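# Coordinates in review
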Amino acid sequence: MTLPTIIISTRAALKAVPPSIRDAALGVGASKMQSVFHHVLPLAMPGVLTGTIIGLAQALGETAPLLLIGMVGYVATNTPDGFIDGFVSPNSAMPAQIYEWAKRADPAFYERAWGGIIILLVFLLSMNIIAIILRRKFERRW
Amino acid sequence: MNDMTLTERAVNATENKITARNVQVYYGENHAIKDVDVDILDKTVTAFIGPSGCGKSTFLRCLNRMNDTIDICRVTGEILLDNEDIYDRRVDPVQLRAKVGMVFQKPNPFPKSIYDNVAYGPKIHGLTRNRAELDETVEASLRKAALWNEVKDRLTAPGTGLSGGQQQRLCIARAIATSPEVLLMDEPCSALDPIATAQVEELIDELRTNYSVVIVTHSMQQAARVSQKTAFFHLGHLVEYGDTDKIFTNPTDPRTESYITGRIG
Ligand SMILES: Nc1ncnc2c1ncn2[C@@H]1O[C@H](COP(=O)(O)OP(=O)(O)O)[C@@H](O)[C@H]1O
Ligand SMILES: [Mg+2]
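Residues numbered from 1 in each chain as written. Chains lettered and ligands numbered in written order. Predicted model: local features only at pLDDT ≥ 70, side-chain atom pairs only at ≥ 80, totals over all residues. Heavy atoms only, no water.

Chain B carries the name Phosphate ABC transporter ATP-binding protein PstB in an unreviewed UniProt entry, which gives Thioclava arctica as its organism.

Put into structure tokens, the structure is as follows:
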């Protein structure tokens, strides 16, 4: 679900680098590789990063696709038993976990659901803020 | 503004720098340059004039193989730099472009510091061994480009923050930092105001002492002011090539005459 966002913003960022910069690099005798790695990519990087972060933030908040592909293992304990266990035992994503918690009647699960929602919100907000800051910081005019 | 200094220096070099024979350029089906033969002299400013679309830029880009970067472009014929064919398979276009520098129509400094702009060429070609040598090269190039006094206190400021004329001189400094033998300029003043243009023209005249300069211009006054040799292109043909004085006062070809008197263009 994230890939289209990242691809579109990456393409836009690469296209936004003016061709005159590439010409300039080739003109002083940079090879094609050098012109891409020294000039085009660094200039496009902020755009690529912003796209990636926004894409990830979007993915974090998404529940529906997870329900569909079955990424909804219910995590009962807070810590996995050992390193390997963390990978092989059923796991879940934050939105799905919140969904699971909220389904249960016990008020203790409600509290957990609230906690999960707050964490998710803070995460999403800060990722979007980082994206905005990055974009602001590297915004360039030619 | 500096007509006096321009006429004082006579054409004193007669050595051939670039020899082009029977050059044809095609963009796909479009035959853009037809049968061009020309000898470009060392330590001379050569101007290419002609109506737009006649192939001046195309021919200029052949001289440092910038046309290689355009997929549909095909060049045939022979172009010799110091009697070596630059289209020979053994010639690396990347090395060639360090020897044949280029300045573009729109000033295009890298969005980096002034210092980094000039240092980039020497760095990638490994022309300097240490920081001190690099500093020296940067200073020398900026001095030659008549920009040193204006920027010496802010070498770390971004090159894109300079005025248009300064940016263009920065691009010239960047081009001469790799110590090229030939400098190609494609309408270097067309994006500049008259004062900046005058400064760049003065600079071009100074550059002539060290380099062979080829300048494309749409301004005949500019060609007359800065160049010693002029080539007139029309519809892909090199119509007339000779001393600037002669082209402008006594052209042999009727097409040249109509162009410089403003009847075609
Ligand atoms: N990148 C390109 N792709 C296809 N055709 C081109 C390209 N650049 C120039 N041409 C064609 O080549 C001819 C000469 O163009 P150009 O050399 O730019 O002329 P000038 O610089 O004298 O105005 C024109 O007919 C133009 O359409
Ligand atoms: Mg042109």
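## Digging into the side chain of Thr46(B)
Note on placement: Thr46(B) falls in strand β3 (residues 45–49). Setting aside residues up to four positions removed in sequence, Thr46(B) forms contacts with Ile40(B), Val213(B), Val214(B), Ile215(B), Ser227(B), Lys229(B) and Tyr241(B). (Helix = DSSP H or I, 4+ residues; strand = E, 2+ residues; numbered from the N terminus. Contact = heavy atoms within 4.5 Å.)

## Focus: the site of ligand 1
Residues and elements named next belong to chain B. The environment of ligand 1 is formed by 13 residues, the closest being Gly-53, Gly-55, Lys-56, Ser-57 and Thr-58. Take Gly-55: an N or O atom from its main chain is 3.1 Å from an oxygen atom of ligand 1. The side chain of Ser-57 places a nitrogen or oxygen atom 2.5 Å from an oxygen atom of ligand 1. If ligand 1 stood free it would expose 550 Å²; the protein chains cover 65% of that surface. Of all the elements in the fold, those that place two or more residues in the shell around ligand 1 are β2 (30–41) and α2 (56–62). Looking at which element gives the most residues to the shell around ligand 1, the answer is α2, with four residues. (Near = heavy atom within 4 Å. Polar contact = N/O pair within 3.5 Å; in protein donor to acceptor, adjacent residues only side chain to side chain. Areas by Shrake-Rupley, 256 points an atom, 1.4 Å probe, with all protein chains shown as cover.)

## A short note on helix α7 (residues 164–176) of chain B
Residue and element names in this part refer to chain B. Spanning 13 residues, α7 covers 19 Å between terminal C-alpha atoms, matching the ideal 18 Å at 1.5 Å per step. In terms of residue burial, α7 counts as a mostly covered element, since 12 of its 13 residues are buried. Among the residues of α7, Gly-165, Gln-166, Gln-167, Gln-168, Arg-169, Leu-170, Cys-171, Ile-172, Ala-173, Arg-174, Ala-175 and Ile-176 are the ones counted as buried. (Expected span 1.5 Å × (residues − 1). Buried < 20%, exposed > 50% of the residue type's maximum accessible area, 1.4 Å probe, protein only.)

## Topic: helix α4 (residues 114–124) of chain B
Counting buried residues in α4(B) gives nine out of 11 residues, a clear majority hidden from the surface. Among the residues of α4(B), those classed as buried are Ile114(B), Tyr115(B), Asn117(B), Val118(B), Ala119(B), Tyr120(B), Gly121(B), Pro122(B) and Ile124(B). Check the buried side of α4(B) and you find it contacts α3 (32–61) of chain A together with α5 (131–144), α6 (148–151) and α7 of chain B. Downstream of α4(B) by a residue or two, Gly126(B) has a phi angle that is positive, lying close to 60 degrees.

## What about the packing of aromatic side chains?
This structure, assessed with the given rule, holds five aromatic pairs over all chains. With a centroid separation of 5.3 Å and 75 degrees between ring planes, the pair formed by Phe110(B) and Tyr120(B) is classed as edge-to-face. Placement of the pair is Phe110(B) in the loop between β6 (100–103) and α4 and Tyr120(B) in helix α4, with a sequence separation of 10 residues. Judged by its relative accessible area of 0%, Phe110(B) falls in the buried class. For Tyr120(B), a relative accessible area of 6% translates into the label buried. An aromatic cluster of at least three residues, connected via ring pairs, comprises Phe48(B), Phe59(B) and Phe233(B). Note that Arg104(A) overlies the ring of Phe109(A), its terminal NZ or CZ placed 5.8 Å from the centroid. (Phe/Tyr/Trp six-rings, centres within 6.5 Å; stacked < 30°, edge-to-face > 60°. Lys NZ or Arg CZ within 6 Å of the ring centre and 35° of its normal.)

## Let's talk about the packing of α5(B) against α7(B)
Residue and element names in this part refer to chain B. Running from N to C, α5 and α7 point in directions that differ by 130 degrees, and their axes come no closer than 8 Å. The pairing of α5 with α7 is recorded here as oblique in orientation. Seen from above, α5 lies across α7 with right-handed handedness. From α5, Ser-141, Leu-142 and Lys-144 reach across to α7, where they touch Leu-170, Ala-173 and Ile-176. The residue makeup of the contact of α5 with α7, split by class, is four nonpolar, one polar and one charged. (Axes fitted to C-alpha atoms, helices over the stretch in contact; angles between N-to-C directions. Parallel < 35°, antiparallel > 145°, perpendicular 65-115°, else oblique. Left-handed = near helix turned anticlockwise from the far one by under 90°. Nonpolar A, V, L, I, M, F, W, Y, C, P; charged D, E, K, R; others polar.)

## Digging into the interface of chain A and chain B
Contact with chain A, which involves 18 residues of that partner, is made by 17 residues of chain B. When the two sides are added together, the surface that chain A and chain B hide from each other amounts to roughly 1600 Å², 64% of it contributed by carbon and sulfur. At the boundary of chain A with chain B, the tally comes to zero salt bridges. In this structure, the connection of chain A to chain B is made through five residue pairs in polar contact (both at pLDDT 80 or more). (Buried area = accessible area lost by both parts, 1.4 Å probe. Salt bridge = Lys/Arg side-chain N within 4 Å of Asp/Glu carboxyl O.)

## Some points on a nonpolar patch on the surface
Together, Phe83(A), Ile84(A), Phe87(A) and Val88(A) give the surface a local cluster of nonpolar side chains, amounting to about 530 Å² of exposed area. In this structure Phe83(A) comes out as exposed when scored by relative accessible area, which is 67%. (Patch = residues over 30% accessible without salt bridge, like charges linked within 9 Å, V, L, I, M, F, W, Y side chains within 5 Å.)

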